[in-house]
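# Reading the structure
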Amino acid sequence: MIALVLPGVYAPQEDTELLAGALSDEPLPPGARVLDVGTGSGALALEAARRGGRVTAVDVSWSAVWAARLNARLAGLPVRIRHGNLFEPVHGRTFDLILANPPYVPSPDGHHRPPRGAARAWDAGADGRLVVDRICREAPGLLRPGGVLLLVQSALSGPDLTVEQLRSAGLKAAVTRRRRIALGPVLRGRERWLRERGLLPAAEDKEELVVVRAELPV
């Protein structure tokens with residue numbers, strides 16, 4: 001998918017692959033305006049650029065910004081990569097497609113995201129929705145008529161609520177892809193806490209990832 005992942009930058013994993021599969025299902029006309037928020041190493045932004053999209057990628061981590069810029073350069077693809085918090089660098093712009101692989105892992109550390117470090121790419125408060133909720137609030141205003149949001153998250157962080165919020169904002173929304181994967185190191189380290197909170201059933205030893213697709217009607 002990509003050539004380079006810098007230390008501290010989220011590497012493409014199963015959630016990236018699941019979202020890339022959803023991206024491949026979307027008709028993307030040449031020149032379509034695409035936004036990849038939380039781009040990490042730039043894998044999804046590069047996939048959209050290969051399809052002929054005019055891609056802007058954003059990440060709050062400078063390490064991620066530099067990794068994505070290097071990968072775009074190595075791939076010879078014209079991706080605009082900006083440093084900033086979610087949608088702030090693209091204020092006032094609209095897009096045909098928004099891709100989002102945000103932090104979505106519930107954290108026992110409460111309602112605050114880590115200020116720095118690798119955990120910032122996955123920790124998202126006690127319910128895993130600190131960033132997802134913000135995307136649900138702000139992304140609809142950045143879509144052109146007929147535009148689509150593709151968001152990947154864990155079933156542990158309430159995809160039904162994501163669908164409900166996006167529908168309340170006037171979008172047609174549904175879960176379109178699912179994949180069950182083995183618990184990774186982060187969830188294994190929180191397994192007891194997750195089970196105590198009822199987020200992970202006692203007999204469950206896998207995590208389900210989902211893609212939520214939301215479209216702004218024409």
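For the structure itself, look to the data block above.
Everything quoted here is computed from the prediction, not taken from an experiment.

Parameters and conventions
Along each chain, the written sequence defines residue order, and numbers are assigned to residues from 1. Per-residue local features of the predicted model are confined to residues with pLDDT of at least 70, and side-chain atom pairs are confined, for both listing and counting, to 80 or more; whole-chain, interface and lining totals are unaffected and use all residues. Calculated side-chain values reflect all of the structure's heavy atoms, with hydrogen atoms and water omitted. Working definition: a ring pair exists when centres of Phe, Tyr or Trp rings (six-membered ring for Trp) sit within 6.5 Å. Plane angles under 30 degrees give stacked, over 60 give edge-to-face, the rest tilted. Only when the NZ of Lys or the CZ of Arg is both within 6 Å of the ring centre and within 35 degrees of the ring normal is a charge said to sit over the ring. Within this scheme, the nonpolar core is defined by two criteria: the residues are buried Ala, Val, Leu, Ile, Met, Phe, Trp, Tyr or Cys, and they are joined through side-chain atoms within 4.5 Å. Exposure is judged per residue with a 1.4 Å probe applied to protein chains only, and the accessible area is read against the type maximum: over 50% gives exposed, under 20% gives buried, and values in between give partly exposed. A run of H or I in DSSP becomes a helix once it reaches four residues, and a run of E becomes a strand once it reaches two; helices and strands are each numbered from the N terminus. The contact criterion used throughout is that any non-hydrogen atoms of two residues lie within 4.5 Å. Only strands joined by at least two bridges in the DSSP assignment are considered to pair.

The next point concerns the packing of aromatic side chains. Taken as a whole and judged by the stated rule, the model has one aromatic pair. Cation over ring: arginine 69 sits above tryptophan 66, and NZ or CZ is 5.0 Å from the ring centre.

This paragraph deals with the nonpolar core. Counting residues in hydrophobic clusters, the biggest one holds 63 residues, and the most contacted among them are Leu35, Val79, Phe87, Ile98, Ile135 and Leu149. For this core, the element with the most residues is strand S5 (residues 143–154), which contributes six residues. Apart from residues no more than four positions distant in its own chain, isoleucine 135 is found in contact with Leu86, Phe87, Ala100, Pro102, Pro140, Leu149 and Leu151.

It is worth spelling out the pairing of strand S4 (residues 95–100) at this point. For S4, the tally of buried residues reaches five of six residues, placing the bulk of the element in the interior. Pairing of strand S1 (residues 33–37) with S4 involves four bridges; the strand directions are parallel. Looking across to S4, one finds that aspartate 36 is bridged to leucine 99. Pairing between S4 and S5: five bridges, direction parallel. Note that in S5 the partner of phenylalanine 95 across the bridge is leucine 143.

Taken by themselves, the reported measurements are silent on function.
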